[in-house]
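Survey of secondary and tertiary structure
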Amino acid sequence: MNFTQLYYVKTITETGSITKAATLLHITQSALSQSISHLEDELNLKLFQRQKSGTTLTPQGKEIYPFILDLLEQESTLYEKIETLNSEMKGTLSIATVPSLFMTIVPSVMSTFKRDNPNIDVQITEAENDEVQRLVVSGEADIGLYTILKEEDLDVRGARYAPLFSSGFTAIVPSDSKLAYYKQLSLEDIKGFPFILYDRNFYKKNIQNFEEKNGSINLLFSTENVGVLFNSVAEGLGISILSDLMVESTPYYQRDMITTVSVGAPFNQMIEYGVLYMEDSEKQKQISEFTKYLVKAAHDNH
């Protein structure tokens, strides 16, 4: 008994005719009949009976037919697994990522990618946007998870960029704060309240530019630890500004411990997240595969 014979049984059952089945299988009717006859001899039971209405399964044939279908399904699964093993990628893949992606979609993407590609050793570095670009261009990172704010950010010689999704910025305030009732907050509005600064270049530069023209804000403290920032806002210690992406993923927001308010210039802009890599990289296959997982995660979450 072999899978070919079982497939013949399935085709005859579905068509109800040895003649039609032979045509679909691209073999002669006699060859098909002979193969079925050999299988019946091996099993010591009659599988088919010929009637005026066509060729149908015998009562015994009907009893074993579900098992035949199970075996054929297992065959398909077996060959899919063999194909996966034969095409399985190996080696290393180094990734540099901005913090906002590292704390949101990257962990789930990594988990799925590692499950499907256990022989690829993935290494991750968290870095500022400029540093991500430098690591990719220098070859220290194979993939950069990168943000685009202006056209110049795309002007990286020898590199390719694949967009993932866009996100804006928002002010975050304690849920019981009077600021929660504002439709929009400007930095002038925020000046009078304790402010917690996310200690990353983009946020620092925008706040510094504002202070040069409008005077100092009421800075409570700055931190790179987003957990500390969210917890401090939730406890009513101050307010802050972050990307929508980071806010939407935190339990503090999901549990209504903090709320968001639209924010004005210079934070009233969209930021695009994408994948940066060198077009002459020797790891194009691994890069392409990992990018597929990122694109799917971005599509599922946005």
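In this text, all values refer to a predicted model and were calculated from it rather than measured experimentally.

1. Examining the nonpolar core
Judged by nonpolar contacts, the single largest core of 68 residues is most densely connected at Leu93, Leu101, Leu242 and Phe290. Contact partners of Leu101, with chain neighbours within four places excluded, come to Val106, Pro107, Leu145, Tyr146, Phe165, Leu245 and Tyr273. Within the second largest apolar cluster, 18 residues are counted, among which are Leu6, Ile36, Leu57 and Tyr65.

2. Quick look at the packing of helix 1 (residues 3-15) against helix 2 (residues 18-25)
Packing of helix 1 against helix 2 leaves a shortest axis separation of 8 Å and a crossing angle of 125°. Taken together, helix 1 and helix 2 sit at an angle that is classed as oblique. Considering the relative orientation of helix 1 and helix 2, their crossing is right-handed. Side by side, helix 1 and helix 2 meet where Tyr7, Tyr8, Thr11, Ile12 and Thr15 of the first sit next to Ile18, Lys20, Ala21, Leu24 and Leu25 of the second. Considered class by class, the residues forming the contact of helix 1 with helix 2 number seven nonpolar, two polar and one charged.

3. Here we look at the environment of Thr250
Relative to the assigned elements, Thr250 resides in the loop between helix 11 (244-248) and helix 12 (251-254). Taking the C-alpha atoms as reference, Thr250 lies 9.5 Å from Val226; in sequence the two are 24 residues apart.

4. A look at the pairing of strand 10 (residues 219-223)
Look at any regular strand and the pattern is simple: side chains alternate between the two faces of the sheet. Across four bridges, the pairing between strand 9 (residues 195-198) and strand 10 is parallel. Among the inter-strand pairings, Leu197 is bridged to a residue of strand 10, identified as Ser222. With helix 9 (residues 201-214) bridging strand 9 and its parallel neighbour strand 10, the resulting β-α-β unit is right-handed.

5. Focus: helix 2
Given 3.6 residues per turn, any residue in an α-helix points the same way as the ones three and four places further on. For helix 2, the full list of buried residues reads Ile18, Ala21, Ala22 and Leu25. Down the axis of helix 2, the smallest arc covering the buried residues is 100°, so these residues share one side. For helix 2, the exposed residues set more than 90 degrees away from the buried face come down to Lys20, Thr23 and Leu24. Sitting at the head of helix 2, Ser17 places a side-chain oxygen 3.2 Å from the backbone nitrogen of Thr19.

6. Let's talk about the sheet that holds strand 8 (residues 184-185)
Within a sheet, each strand pairs with its neighbour through backbone hydrogen bonds, oriented either parallel or antiparallel. The sheet built from four strands is open, its strands ordered 8-12-7-11 with mixed pairing. Edge positions in the sheet fall to strand 8 and strand 11 (240-243), since each of these pairs with one other strand and no more. As judged from the four bridges shared by strand 7 (residues 169-174) and strand 11, these two strands associate in the antiparallel manner. Directly across from Ile172, in strand 11, lies its bridge partner Ser240.

7. Here's the deal with the sheet that holds strand 13 (residues 271-278)
With mixed pairing, five strands are arranged side by side in an open sheet as 4-3-5-13-6. Each of the sheet's edge strands pairs with one partner strand only, and the pair in question is strand 4 (120-126) and strand 6 (159-167). Strand-to-strand twist across the sheet, computed as the mean angle between neighbouring axes with direction ignored, equals 25°. Direction of pairing for strand 6 relative to strand 13: antiparallel, over a ladder of eight bridges. Within strand 13, the position partnered with Phe165 by the bridge is Tyr273. Packed on one face of the sheet, helix 6 (residues 106-116) meets strand 3 (91-97), strand 4 and strand 5 (143-148) and runs near 170° to strand 4. Lying on the sheet, helix 7 (residues 129-138) is in contact with strand 3, strand 4, strand 5 and strand 13; it crosses strand 5 at an angle near 140°.

8. Description of the UniProt feature "domain: HTH lysR-type" (unreviewed entry) in the chain
In the numbering used here, UniProt assigns the feature "domain: HTH lysR-type" (unreviewed entry) to residues 1-58. Secondary structure across residues 1-58 comprises 62% helix and 14% strand; the distance between its end C-alpha atoms is 19 Å.

9. Examining the side chain of Ser243
In this structure, Ser243 sits in strand 11. Exposure remark for Ser243: the relative accessible area of 1% places this residue in the buried category. Those residues in contact with Ser243 that lie beyond four places of it in its chain are Ser100, Ser167, Gly168, Phe169, Tyr203 and Tyr273.

How each quantity is defined
Residues numbered from 1 in each chain as written. Predicted model: local features only at pLDDT ≥ 70, side-chain atom pairs only at ≥ 80, totals over all residues. Heavy atoms only, no water. Core = buried A, V, L, I, M, F, W, Y, C linked by side-chain atoms within 4.5 Å. Buried < 20%, exposed > 50% of the residue type's maximum accessible area, 1.4 Å probe, protein only. Contact = heavy atoms within 4.5 Å. Axes fitted to C-alpha atoms, helices over the stretch in contact; angles between N-to-C directions. Helix = DSSP H or I, 4+ residues; strand = E, 2+ residues; numbered from the N terminus. Parallel < 35°, antiparallel > 145°, perpendicular 65-115°, else oblique. Left-handed = near helix turned anticlockwise from the far one by under 90°. Nonpolar A, V, L, I, M, F, W, Y, C, P; charged D, E, K, R; others polar. Pairing = 2+ DSSP bridges. Right-handed = clockwise from strand over helix to strand, strands pointing away. Arc of directions from axis to C-beta. Polar contact = N/O pair within 3.5 Å; in protein donor to acceptor, adjacent residues only side chain to side chain. UniProt positions renumbered as here; feature names shortened; annotations may be inferred.

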